[in-house]
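Structure at a glance
So the chains spell out like this:
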Amino acid sequence: MYKNLAAALAVACFSFSLATTSQAAEPVKAGFVYVSPITEAGWTKQHDEGRKAVEKALGDKVKTTFVADVAEGADAERVIRDLAVQGNQIIFTPSFGYMEPTLKVAKDFPNVKFESVTGYKTAANVAASNARYYEGRYLAGIAAGRMTQTNVAGYVAGFPIPEVLQGINAFTLGMRSVNPKATVKVVWLNAWFDPPKEREAAMSLFDQQADVVAFHTGSTAVMAAAQERGKMAVAYHSDMRMVAPDAQIVAVTHQWGDYYTRRVKAVADGNWKSGNVWGGVREGMIRVGDFGPKVPKKVQDEVLARQKDIGAGKLQPFTGPIVDNEGREVLAKGQKLSDEQILNMNYLVAGVVGRINK
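Residues numbered from 1 in each chain as written. Predicted model: local features only at pLDDT ≥ 70, side-chain atom pairs only at ≥ 80, totals over all residues. Heavy atoms only, no water.

Turning our attention to the pattern of salt bridges. Within the structure shown, the criterion is met by 22 salt bridges. In this structure, Arg306 engages Asp309 in a salt bridge whose closest nitrogen and oxygen atoms are separated by 2.9 Å. Of this pair, Arg306 and Asp309 are both found in helix α10 (residues 297–311), three residues apart, which corresponds to roughly one turn of the helix. Look at Arg306 and you get partly exposed, because its relative accessible area is 29%. Linked through salt bridges whose partners overlap, the residues forming this network are Glu77, Arg81, Lys104 and Asp108. (Salt bridge = Lys/Arg side-chain N within 4 Å of Asp/Glu carboxyl O. Helix = DSSP H or I, 4+ residues; strand = E, 2+ residues; numbered from the N terminus. Buried < 20%, exposed > 50% of the residue type's maximum accessible area, 1.4 Å probe, protein only.)

One can find Thr148 in the loop between α5 (133–147) and β6 (152–157). There is a polar contact of 3.0 Å between the side chain of Thr148 and the backbone nitrogen of Asn151. A distance of 2.7 Å separates the side chain of Thr148 from the side chain of Asp211, its partner in a polar contact. Excluding residues that lie within four positions of it along the chain, Thr148 makes contacts with Met175, Asn179, Asp211, Val212 and Met232. (Polar contact = N/O pair within 3.5 Å; in protein donor to acceptor, adjacent residues only side chain to side chain. Contact = heavy atoms within 4.5 Å.)

Two strands in a sheet stick together by hydrogen bonds in their backbones, pointing the same way (parallel) or opposite ways (antiparallel). Taken in spatial order, the seven strands make up an open sheet running β12-β10-β9-β8-β6-β7-β15, and their pairing is mixed. The outermost strands of the open sheet, each flanked by one partner alone, are β12 (286–289) and β15 (352–353). In the sheet, β6 pairs with strand β8 (residues 212–216) via five bridges, with the strands oriented parallel. Residue pairing across strands places Val156 opposite Phe215, the latter belonging to β8. Along the sheet, helix α6 (residues 162–178) contacts β6, β7 (183–188), β8, β9 (232–237) and β15; its crossing angle with β7, the most-contacted strand, is approximately 160°. Contacts from helix α7 (residues 195–206) reach β6, β7, β8 and β9, with the element oriented near 160° to β6. (Pairing = 2+ DSSP bridges. Axes fitted to C-alpha atoms, helices over the stretch in contact; angles between N-to-C directions.)

With that settled, consider helix α9 (residues 257–269). Compared with an ideal rise of 1.5 Å per residue, which puts 13 residues at 18 Å, α9 spans 18 Å between its outermost C-alpha atoms and is within 8% of the ideal. Among the residues of α9, those classed as buried are Gly257, Tyr259, Tyr260, Thr261, Arg263, Val264, Ala266 and Val267. One or two residues past the end of α9 sits Gly270, with phi positive at roughly 75°. (Expected span 1.5 Å × (residues − 1).)

Our next topic: the confidence of the model for the chain. Atomic detail in the predicted coordinates should be set aside for any region of low pLDDT. Scored by pLDDT, the chain comes out at a mean of 92, with 93% of its residues at no less than 70. The low-confidence segment residues 5–23 (pLDDT under 50) makes zero contacts with residues lying over four places distant or belonging to another chain. (pLDDT = per-residue confidence, 0-100.)

Let's shift gears to the sheet that holds strand β11 (residues 276–279). Spatially, the six strands line up as an open sheet ordered β2-β1-β3-β4-β5-β11, and their pairing is parallel. Each of the sheet's edge strands pairs with one partner strand only, and the pair in question is β2 (62–67) and β11. Mean inter-strand twist for the sheet, computed between neighbouring axes without regard to direction, equals 20°. Relative to β11, strand β5 (residues 126–131) is paired through four bridges, and the arrangement is parallel. When the sheet's bridge partners are listed, Ser129 is paired in β11 with Val277. Docked against the sheet, helix α4 (residues 99–108) engages β3 (90–94), β4 (113–117) and β5, running at close to 170° with respect to β4.

Looking now at the nonpolar core. Ranked by size, the top nonpolar core spans 98 residues in total, and within it Ile168, Phe171, Ile249, Val264 and Phe318 carry the most contacts. Tallying contributions element by element places α5 first for this core, with nine residues. Setting aside residues up to four positions removed in sequence, Phe171 forms contacts with Arg137, Tyr138, Ala140, Gly141, Ala144, Ala153, Tyr155, Val184, Ala214 and Val234. (Core = buried A, V, L, I, M, F, W, Y, C linked by side-chain atoms within 4.5 Å.)

Once that is clear, we can look at helix α8 (residues 221–229). Those residues of α8 that fall on the buried side of the exposure criterion are Ala221, Val222, Met223, Ala225 and Ala226. On the buried face of α8, the contacting elements are β6, α7, β8, β9 and β10 (248–254).

In terms of burial, β3 is largely enclosed, as five of its five residues are buried. Of the two faces of β3, both are covered, the one formed by Ile90, Phe92 and Pro94 as well as the one formed by Ile91 and Thr93. Here three bridges tie strand β1 (residues 28–33) to β3, and the two strands are oriented parallel to one another. Bridge pairing in β3 links Phe32 to Phe92. Pairing of β3 with β4 involves five bridges; the strand directions are parallel.

Remark: α7 packs on α8, axes separated minimally by 8 Å, with the N-to-C direction vectors making an angle of 40°. What the angle tells us is that α7 and α8 run oblique. For α7 against α8, the interelement crossing comes out right-handed. Two secondary-structure elements touch here, α7 through Pro195, Glu198, Arg199, Ala202, Met203 and Phe206 and α8 through Ala221, Val222, Ala225, Ala226, Glu228 and Arg229. Of the residues assigned to the contact of α7 with α8, the class counts are eight nonpolar, no polar and four charged. (Parallel < 35°, antiparallel > 145°, perpendicular 65-115°, else oblique. Left-handed = near helix turned anticlockwise from the far one by under 90°. Nonpolar A, V, L, I, M, F, W, Y, C, P; charged D, E, K, R; others polar.)

Here we take up the packing of aromatic side chains. Enumeration over the complete set of coordinates arrives at 14 aromatic pairs. Consider the rings of Phe32 and Phe92, whose centres lie 4.7 Å apart with planes at 10°: the pair is stacked. Taken together, the residues span a long stretch of sequence, with Phe32 in strand β1 and Phe92 in strand β3 at a distance of 60 residues. Here Phe32 and Phe92 have matching classes, each one buried. Residues Tyr133 and Tyr236 carry aromatic rings whose centres are separated by 6.2 Å and whose planes lie at 75° to one another, so their mutual orientation is edge-to-face. In this pair, Tyr133 is assigned in helix α5 and Tyr236 in strand β9, connecting sequence segments 103 residues apart. Since its relative accessible area comes to 3%, Tyr133 is described here as buried. (Phe/Tyr/Trp six-rings, centres within 6.5 Å; stacked < 30°, edge-to-face > 60°.)

Below you can see the structure in the form of structure tokens.
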């Protein structure tokens with residue numbers, strides 16, 4: 001009897017060991033939702049590069065899936081919910097308009113972890129993260145300020161949310177730090193991804209004496225327009241020299257691979273925690289480089305030196321004196337905007353030609 005019992009216990013322990021090993025070997029399922037198609041460059045491209053970096057870093061410990069071209073709102077909620085139902089343990093939702101749908105779905109799936117990228121609201125199972133894009137914008141402004149001949153730059157903008165205002169203002173401050181005569185004309189699209197409108201806006205800015213343009217939209221249309229017109233442009237999200245080999249002067253890129261990998265690994269290790277991350281040059285989430293052939297080495301070196309200063313904490317783009325474009329003092333000389341003030345930015349600085357669409 002005891003022999004049979006011992007044998008049974010041994011088999012049970014062996015079976016439990018196999019089950020535990022099998023369970024431990026199960027890969028983490030990670031889902032991604034994209035607001036536009038995956039194009040050759042741009043916002044969605046960078047996030048998909050982050051997804052691929054997770055696969056490369058974690059190998060068979062992760063299984064990723066994605067759904068692209070998902071509109072913000074009801075469609076986003078449906079897709080996010082579907083990914084949770086399909087058993088994804090962590091779901092990344094990189095678009096500002098995905099924030100509320102993410103929070104709504106998260107309430108119904110307390111055991112699933114959600115990463116609201118560019119959102120700012122958190123919950124027990126919802127973390128928020130974003131990048132300090134404005135740091136790269138300031139650096140691109142320095143390059144644009146050195147390169148412009150007309151002292152007029154253009155800016156094709158999506159929506160007037162704080163993140164976009166930060167970019168316009170930092171770009172303008174960067175330009176005027178090396179070229180006080182510079183002005184920046186803004187065209188609002190009220191869209192994140194609309195290549196025909198993006199192109200039309202860029203062309204209208206070139207017609208208004210802008211010889212360099214920046215943009216906060218999702219496609220490569222602005223870069224293609226600059227290449228066609230023989231003008232200059234600042235690439236955003238990705239290096240876009242494949243579209244604008246002569247027009248690109250510099251690219252502001254955001255890098256998600258390291259953050260995404262750490263968050264998936266945290267789920268695998270059982271130590272994922274909610275939080276709010278806002279990383280920039282110092283954290284490796286923002287990088288400026290990929291200079292075009294028109295940019296002299298002296299200008300390249302200047303931009304890269306200022307990038308090192310930002311990474312070292314020696315340079316904060318939003319340092320006073322700062323005056324808005326209606327003449328009101330925003331910040332006194334020598335003072336620096338706090339993160340809270342930057343995150344709630346609701347004005348345009350002196351040098352910007354345009355108004356905030358209400």
